[in-house]
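# Chain and residue survey
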Amino acid sequence: MANFQKLTPRSEDYSKWYNELVVKADLAEQSAVRGCMVIKPYGYAIWETIQQELDRRFKQQGVKNAYFPLLIPKSFLSREAEHVEGFAKECAVVTHHRLMNDPNGKGVVVDPNAKLEEELIIRPTSETIIWSTYKNWISSYRDLPILCNQWCNVMRWEMRTRLFLRTAEFLWQEGHTAHATKEEAEDYARTMLDVYADFAEKVMAIPVVKGVKSPNERFAGALNTYCIEAMMQDGKALQAGTSHFLGQNFAKSFDVQFLSKENKYEYVWATSWGVSTRLMGALIMTHSDDNGLVLPPHLAPIQVVFVPIFKEQSQLDAILAKMNPIIDNLKAKGIRVQVDASDKSTPGFKFADYELKGVPVRLAMGGRDLESGTIEVARRDTLTKETVTLEGIEERIEGLLEEIQANIYKKALDFRIANTREVNSYEEFKEEIQKGGFLLCHWDGTPETEEKIKEDTKATIRCIPLADLPGHKNEPGKCMVTGKPSAGRVVFAIAY
RNA sequence: CGGGAUAUAGUUCAGCCCGGUUAGAAUGCCUGCUUUGGGAGCAGGAGGUCGUGAGUUCGAAUCUCGCUAUCCCGACCA
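Sequence order as written defines residue numbering, which begins from 1 separately in each chain. Following the order in which they are written, the chains are lettered starting with A and the ligands numbered starting with 1. Reporting in this predicted model follows two pLDDT cut-offs: at least 70 for local features of residues, and 80 or more for side-chain atom pairs to be given and counted; totals over whole chains, interfaces and linings ignore these cut-offs and use all residues. The side-chain quantities take in all heavy atoms of the structure and omit both hydrogens and water.

### Considerations on the overall build of chain A
When you go through chain A residue by residue, the secondary structure sums to 14 helices and 27 strands. It is over C-alpha atoms that the radius of gyration is taken, and the globule rule equals 2.2 Å times the number of residues to the power 0.38. Computed over its C-alpha atoms, the radius of gyration of chain A comes to 26 Å, within 12% of the 23 Å expected for a compact globule of 496 residues. With respect to the three principal axes, the spread of C-alpha positions in chain A is 80 × 70 × 55 Å. Residue burial in chain A is summarised as follows: out of 496 residues, 52% are buried. Only heavy atoms enter the contact rule, under which two residues are in contact if any of them lie within 4.5 Å. Across chain A, the fraction of contacts at a sequence separation of at least 24, relative to all contacts at a separation of at least 6, is 69%. Carbon and sulfur atoms make up 50% of the accessible area of chain A, which amounts to about 22,900 Å² in all. Note that His is not counted, nor are the chain ends; the positive residues are Lys and Arg, and the negative ones are Asp and Glu. Charge positions come from single atoms, namely NZ of Lys, CZ of Arg, CG of Asp or CD of Glu. Separation of charge centres in chain A, based on 62 positive and 69 negative side chains, amounts to 1 Å. Helix numbering and strand numbering both begin at the N terminus, where a helix is a DSSP run of H or I of at least 4 residues and a strand a DSSP run of E of at least 2. We call a residue buried when its accessible area falls under 20% of the maximum for its residue type, exposed when it is over 50%, and partly exposed in between, using a 1.4 Å probe and counting protein chains only. Here, Shrake-Rupley sampling with a 1.4 Å probe gives the accessible areas, and only protein chains in the shown set may cover a residue.

This is the structure we're talking about:
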């Protein structure tokens, strides 16, 4: 460990810092397949907690989990015109169902006689297969609403990939609901947005802006796309979740009608909503520092690590005898504690390693503490440590975890507020956008203007906020590019 | 898909220009001793068909050509 290499500092190369951190913190690594990652146990443990927390919240909204097939008949995808347009260029296609020994040599080749009658698409999203199924489930208004979610993998053949942020295969959940009325569907799409925002802020400690996507950024096949947008430490925006009001588009494409109370056939109204392993990227880029990952306690697989410092076995025994009851009490409070008494590495190594892995609270006890009845408590978010007495240590740690959770949220919110500013002229915009952050600007509401801004600056409208951002009162004005009337300021940023 | 680069030990890389016994280093791994309050030290050990296919040559990690893969920049990306 003599030549231990530190992470590349964020200030030097943010992108490099991110890539190194993901690998060194043991979250994920590149696989043998281009663009597809291996999520390692430590990273997957975080994802599992994300899943559990979200799943619980979904179920509170009446959602039930189900599972639909990985493969979608090619013809399904093209039923909804905009939908296929949006996804066609990044689909993986299954064309054959059998291999055979290579007649000319070693190995196997695709058996040309095993060509599929109709090609199958590996799902990039499941609206089509689900709506073809819902057709069979729905005949009366009494069958509605249907509120289904599935946790699964999807595949989008991206040209360039980055661990967690954009991978060819990724894990996500996709909710698909069917409703009798437009109002109910719209409300539900909004409700799920609130669920996502609440989860992001309370569990992940990531402040988000709730908003509506402009037509350019809307989901392929949706009438309206709601989203939560987060700001990363480099000032770029990251879409952390979306909830779509699909109108009757998919019901019409798949002929899903129900008989109403009035005995009339009507098309079903739909929503879909999802978050993915991209949230892991958001988590990393919101909180972490040059020493490694910083995890919010609510998500940390290990919330508290205890490192005994000992010279010989008898000393370790004495330390553990003192600490075991405390550790049991912490566990009884539901706190995830890990004891690292291994002699594989020195305490110094362990300290650095648990910092790299983002463990919120570290406890250390050695010979000195044993004599004085104290313990060292170190917190990851501030990198500070103090030596305290053992009295009431459990409550102290319990409180500290909540304090850290609140602190990193506040830190991220302060950062976002400090990097959100109003810009009024396009000249100023072109200059300011290069500095990063969210720019609140007036826009005339046309796709043409948004397109021009994107061409000039790479910035896009991240969302039209649903509420005022802290410190900014939204009022009508004039588009910064065309001077035409604008209903209110929208959020511009350069996005991941 | 355009431009650039790379491919040698688990990992990061040196060696290649100028071909020549047994391909090196660091780190990681294994064993032993000593250590342990911020990334320990010493000694010993295991580990490589040099991406792949052909060519040149008495001889190729090294030179030539093809192929493949990966990375970076761009284009693309709800």
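### Remarks on the pattern of salt bridges
Here a salt bridge means any side-chain nitrogen of Lys or Arg lying within 4 Å of a carboxyl oxygen belonging to Asp or Glu. One pass over the full model with this rule turns up 32 salt bridges. The residue Lys-40 makes a salt bridge to Asp-26 at a minimum N-O spacing of 2.7 Å. In this pair, Lys-40 is assigned in the loop between strand S2 (37-39) and helix H2 (41-60) and Asp-26 in the loop between helix H1 (14-24) and strand S1 (28-30), connecting sequence segments 14 residues apart. A relative accessible area of 26% means that Asp-26 is categorised as partly exposed. Notably, a salt bridge pairs Lys-59 with Asp-55, separated by 2.6 Å at the nearest N-O pair. Of this pair, Lys-59 and Asp-55 both sit in helix H2, separated by 4 residues, roughly a single helical turn. Given a relative accessible area of 45%, Lys-59 falls into the partly exposed group. One network of salt bridges, with partners in common, ties together Glu-53, Arg-56, Arg-57, Asp-198 and Lys-202.

### With respect to the side chain of Lys-357
Among the secondary structure elements, Lys-357 is positioned in the loop between helix H10 (347-356) and strand S19 (361-365). Excluding residues within four positions of it along the chain, Lys-357 makes contact with Ala-25, Asp-26, Tyr-42, Leu-293 and Leu-295.

### Some points on the domain arrangement of chain A
Partitioning chain A into structural domains gives domain 1 (22-70 + 126-287), domain 2 (304-404) and domain 3 (420-493). For the purposes of this description, domain bounds are those given by an automatic or database domain assignment. Spacing between the C-alpha centres of domain 2 and domain 3 amounts to 49 Å.

### Some words on the nonpolar core
For the purposes of this section, nonpolar cores are sets of buried Ala, Val, Leu, Ile, Met, Phe, Trp, Tyr and Cys residues that join through side-chain atoms within 4.5 Å. By size, the foremost hydrophobic cluster in this structure holds 67 residues, and its most contacted members are Leu-27, Ile-50, Phe-58, Phe-164 and Ile-284. For Phe-164, the contacting residues outside a window of four places in its chain are Tyr-18, Val-22, Leu-27, Ala-28, Met-37, Ile-39, Thr-277, Arg-278, Met-280, Gly-281 and Ile-284. With 28 residues, the next largest nonpolar core counts Phe-76, Ile-138, Ala-222 and Leu-246 among its residues.

### Quick notes on helix H12 (residues 393-418)
Given the number of residues in a helix, its expected span is that number minus one, multiplied by 1.5 Å. If you check H12, its first and last C-alpha atoms are 36 Å apart, about what 26 residues at 1.5 Å a residue would give, namely 38 Å. Those residues of H12 lying buried are Ile-393, Glu-394, Ile-397, Leu-400, Leu-401, Ile-404, Gln-405, Ile-408, Ala-412 and Arg-416.

### Quick notes on the packing of aromatic side chains
Ring geometry is summarised as follows: Phe, Tyr and Trp rings, the Trp one being its six-membered ring, pair when their centres sit within 6.5 Å, and such pairs are stacked at plane angles under 30 degrees, edge-to-face over 60 and tilted between the two. Here the structure, examined in full by the defined rule, presents 16 aromatic pairs. Geometrically, the ring pair formed by Tyr-188 and Trp-273 is tilted, given 6.5 Å between the ring centres and 40 degrees between the ring planes. Note that Tyr-188 is positioned in helix H6 (residues 182-202) and Trp-273 in strand S16 (residues 269-276), a separation of 85 residues in sequence. By relative accessible area, Tyr-188 is classed as buried at 10%. On the basis of relative accessibility, which here comes to 2%, the residue Trp-273 falls in the buried class. Here the aromatic cluster, defined as three or more aromatic residues joined through ring pairs, consists of Trp-47, Phe-58, Trp-151, Tyr-188, Tyr-196 and Trp-273. Between Arg-10 and the ring centre of Trp-17, over which it is positioned, the NZ or CZ distance is 5.9 Å. Our definition puts a charge over a ring when NZ of Lys or CZ of Arg is within 6 Å of the ring centre and also within 35 degrees of the ring normal. Sitting above the plane of the Phe-351 ring, Arg-362 keeps its charged end 4.2 Å from the centroid.

### So, empty space enclosed by the protein
Both site types are read off a 1 Å grid over the protein atoms alone. A 1.4 Å probe that fits but cannot get out defines a cavity, while an open set with protein on both sides within 12 Å along at least five of seven lines defines a pocket; lining residues have an atom within 4 Å of a point. Grid points are joined across faces, edges and corners, and a volume is the space filled by probe spheres set on the points. If you walk through the whole model with that rule in mind, you get 2 cavities of 30 Å³ or more. Within this model, the largest cavity holds a volume of roughly 60 Å³. If you go around the largest cavity, the residues you meet are Glu-422, Leu-440, Pro-465, Ala-467, Asp-468, Leu-469, His-472, Lys-473, Asn-474 and Arg-489. In terms of residue class, the lining of the largest cavity is built from 4 nonpolar, 2 polar and 4 charged. Here the second largest cavity is characterised by a volume of approximately 30 Å³. As for the second largest cavity, its lining consists of Arg-416, Ile-417, Thr-420, Leu-469, Pro-470 and His-472. Three classes are used, and their members are as follows: Ala, Val, Leu, Ile, Met, Phe, Trp, Tyr, Cys and Pro are nonpolar, Asp, Glu, Lys and Arg are charged, and the others, Gly among them, are polar.

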